[in-house]
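If you want the building blocks of each chain, they are given just below.
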Amino acid sequence: MRLSPRQVAAFLGRRLLFSAVVLLGVLVLVFLLVQLVPGDPIRLALGTRYTQEAYDALRAASGLDRPLGEQFLSYVGSALTGDLGVSFRSGEPVTQLLLQRLPATVSLALVGIGIALLIAVPAGIWSALHEGRVSDAIIRVTSQLGVSVPDFWMGMLLILLFSTTLGLLPSSGYVPITEDVGGWARRVALPGLTVGLVAAAIMTRYIRSAVLEVASMSYVRTARSKGLPAGVVVGRHVLRNALVPVLTIAGIQLATILGGVIVVEVVFAWPGLGRLVYDSVAARDYSMIQGSVLLIAVMFLLINLLVDVLYALVDPRIRLA
Amino acid sequence: MSATTEQTAEPTGRLSTVRVLATNPVTVVSAVVLAAVVVVALLAPWVAPYGVNAVDVANALQPPSAAHWFGTDDLGRDLFSRVVVAARVSLQVAVVSVAFAFVVGVAVGVVSGYVGGVVDTVLMRVVDVMFAFPVLLLALAIVAILQPGMATTMLAIGIVYTPIFARVARASTLSVRNEPYVQVARTMGVSGRSILGRHVLPNITGPLIVQTSLSLAFAILSEAALSFLGLGIQPPAPSWGGMLFAAQGFLSQAWWMSVFPGAAIFVTVLAFNLLGDGLRDVLDPKQRTLIESRRRR
């Protein structure tokens, strides 16, 4: 049964409201981050550069001298208009610094998810359709191994193999894709492979069980008993219906990669958001930490929202309860 | 099965669980590997042939040999000794942080699921907000607020894994709440607290045990990542992640510095994951029927 536009609209409305509530919670938590620092965050951020004038200027610029409630309202108001304050360290606008780093992380995440899909979709489907055979066992064991590997260790092993030993690819550095496509591709290869292999391991397991679940449905049994050729049953009934869970896991993985590439970016000296979070934490640049944590959490929320919406639109059976 | 004769003394449910677990070779092997890791970690001071911080510059960057099984690092410290002692640190952090997540998460989840209403709505929205942050990012933010160190690492990882326990506990509680035996207890006027303690908790342990094993694996990975970033366990205390960070500068000269600590993380995490999968097959009723129905086909 197809959903009426009204039902879809009601679902979208509820889902949007839910995201808005979570977003408000995220804002509260990110706002509290600076308040929870024991001691004076501005003094900590200034460190050895401390002078009374610098202190007063930064304190007034960050608004930390005002009452808590007022600070929160002004923080939310500014954040919603894209103003995340200035970096405690460099004095530059946080939003501008974040936007500078965003392309590197997004390009790495897209390469990673691309590699993951190229591996996981065929492997997961093959594994499910050959359940219990040797090839299924090999795929399952490999993906279990992949799930247990720390991503930064995988990165180091790839550097050890492809850079240090074989000398095929550079071990670090970044060139924007807009400047030099070839140079970008050579540099994104190893970090992209690191991110992609780990994500592929998780996705293969998920896709395998999704295909198995669809294959055990009664309509697949019916199709089979009607005497349809195996290829038609698999193509028309099993894979088409398994597409929805594949879409879901790909979205979730993309969100996870965007927020989780911190360590990989550090290993490969990749100047993205993750590296920025790391540098900000090390430098106790709290406004920068706030900004990057907020941006990553919002991207995470948006992708999950998008996945849910697509899910509802693609899968007519979705229960709108 | 030699256990048949003792069966009458034990509740049959529990015994058959152990027996089913024992028939899965993967589960048995991973349990044995984990037991070995735990024993080595507990006996670390006696197992380690050298002191963890025994600097021996004359023997720096030596490849694996009879004297140094895993080779030596840039300061000539014995890597085998450091990997062994770091196992103790890693397991300690993982166990304490998962225990924290378990206690807080289960309390939140059970209360949320059992009480329902506004309490449930508020608690679950808080959990939703925490789920909006990627795990490592949330842990980093917590470390940024507090000073890096072992206690902060435990707290950060504990907080990060609390929501998942809350969700698992809540879902299980919801499914148990309307079981006839709980409803009968309620009509008989048994207090909420004793219904939770006597009827709900014992019946949701299966999924929680599974989650514990999987969370231990994730906690070890998270601790390694934090320590790798220099924001977890602080030197001179050895940690697998910290050792890997140090190894980065010597990738071309000393492969052993990056291979052995990484392999230690990998083997331990793999064992916890496999054990978790094995436990899920047996303890998670839904999964169990799935497996059994498949076996029958």
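About the criteria used
Residues numbered from 1 in each chain as written. Chains lettered and ligands numbered in written order. Predicted model: local features only at pLDDT ≥ 70, side-chain atom pairs only at ≥ 80, totals over all residues. Heavy atoms only, no water. Core = buried A, V, L, I, M, F, W, Y, C linked by side-chain atoms within 4.5 Å. Buried < 20%, exposed > 50% of the residue type's maximum accessible area, 1.4 Å probe, protein only. Helix = DSSP H or I, 4+ residues; strand = E, 2+ residues; numbered from the N terminus. Domains from an automatic or database assignment. Contact = heavy atoms within 4.5 Å. Axes fitted to C-alpha atoms, helices over the stretch in contact; angles between N-to-C directions. Parallel < 35°, antiparallel > 145°, perpendicular 65-115°, else oblique. Buried area = accessible area lost by both parts, 1.4 Å probe. Salt bridge = Lys/Arg side-chain N within 4 Å of Asp/Glu carboxyl O. Polar contact = N/O pair within 3.5 Å; in protein donor to acceptor, adjacent residues only side chain to side chain. Nonpolar A, V, L, I, M, F, W, Y, C, P; charged D, E, K, R; others polar.

Trainee: So what exactly am I meant to see when it comes to the nonpolar core here?
Mentor: Inside soluble globular proteins, nonpolar side chains tend to come together where they are buried. Formed by 177 residues in total, the largest nonpolar core has its most connected members in Val26(A), Phe228(B), Leu229(B) and Trp240(B). The element contributing the most residues to this core is helix 4 (residues 79-115) of chain B, with 16 residues. Here this core spans two domains, and each of domain 1 (1-89 + 286-321) and domain 2 (100-282) of chain A adds at least three residues to it. Other than its neighbours up to four places away in sequence, Phe228(B) contacts Phe152(A), Met156(A), Val263(A), Val266(A), Val267(A), Gly241(B), Gly242(B), Leu244(B), Phe245(B) and Gln248(B).

Trainee: Help me out: how do you make sense of the packing of helix 5 (residues 94-129) of chain A against helix 12 (residues 273-283) of chain A in this one?
Mentor: Axis angle and axis distance: for two packed helices, these are the angle between their axes and the distance between the axes, and together they describe the pair. Residues and elements named next belong to chain A. Here helix 5 crosses helix 12 at 135 degrees, and the two axes come no closer than 7 Å. Between helix 5 and helix 12, the interaxial angle falls into the category oblique. Here helix 5 contributes Leu97, Leu98, Arg101, Leu102 and Thr105 to the contact with helix 12, which in turn contributes Leu273, Gly274, Arg275, Leu276 and Asp279.

Trainee: Honestly, the interface of chain A and chain B in this entry has me stumped. Any pointers?
Mentor: Interface size is commonly expressed as the accessible area that is lost once the parts come together. With 43 residues of chain A in contact, the opposing surface of chain B contributes 41 residues. Buried area between chain A and chain B, both sides added, is near 3,700 Å², and the carbon and sulfur share of it is 79%. Broken down residue by residue, the surface that chain A buries against chain B is led by Phe152(A), Trp153(A) and Met156(A), which jointly contribute 16%. Counting the contacts that link chain A with chain B gives one salt bridge. Asp277(B) is the partner of Arg205(A) in a salt bridge, and the nearest nitrogen-oxygen pair spans 3.5 Å. Along the contact surface separating chain A from chain B lie five residue pairs in polar contact (both at pLDDT 80 or more). Breaking the side of chain A that touches chain B down by element, the ones donating at least two residues are helix 1 (5-35), helix 6 (134-148), helix 7 (151-165), helix 8 (181-215), helix 11 (262-267), helix 12 and helix 13 (286-314) of chain A. Examining the composition of the side of chain A that touches chain B, we find that eight residues originate from one element, helix 1 of chain A, more than from any other.

Trainee: Honestly, unusual backbone geometry in this entry has me stumped. Any pointers?
Mentor: Backbone phi values are negative for most residues with the exception of glycine, while trans is the configuration of most peptide bonds. Cis geometry is found at the peptide bond from Pro235(B) to Pro236(B), where omega equals 10 degrees. A positive phi angle, close to 50 degrees, is found at Ala269(A), a residue other than glycine. If you trace the backbone, Ala269(A) turns up in the loop between helix 11 and helix 12.

Trainee: Help me understand the domain arrangement of chain A, please; the structure alone is not making it clear to me.
Mentor: Residues and elements named next belong to chain A. Split by domain assignment, chain A resolves into domain 1 (1-89 + 286-321) and domain 2 (100-282). The C-alpha centroid of domain 2 is placed 28 Å from the C-alpha centroid of domain 1. Of the residues lining the interface, 15 residues belong to domain 1; the matching set on domain 2 comes to 18 residues. Taking both sides of the interface into account, the surface hidden between domain 1 and domain 2 amounts to around 1,500 Å²; carbon and sulfur atoms contribute 83%. Three residues stand out in domain 1 for area buried against domain 2, namely Ile296, Met299 and Ile303, and they jointly supply 28% of the buried area on that side. Linking domain 1 with domain 2 are zero salt bridges. There are zero residue pairs in polar contact (both at pLDDT 80 or more) connecting domain 1 and domain 2.

Trainee: Is there a simple way to explain the packing of helix 2 (residues 25-42) of chain B against helix 4 of chain B in this structure?
Mentor: Residues and elements named next belong to chain B. One way to put it is that helix 2 packs onto helix 4 with a least axis distance of 8 Å and a crossing angle of 105 degrees. By the angle class used here, helix 2 and helix 4 are roughly perpendicular. Where helix 2 approaches helix 4, its residues Val37, Val38, Val40, Ala41 and Leu42 are matched on the opposing element by Val84, Ala87, Arg88 and Leu91. Among the residues forming the contact of helix 2 with helix 4, the class breakdown is eight nonpolar, no polar and one charged.

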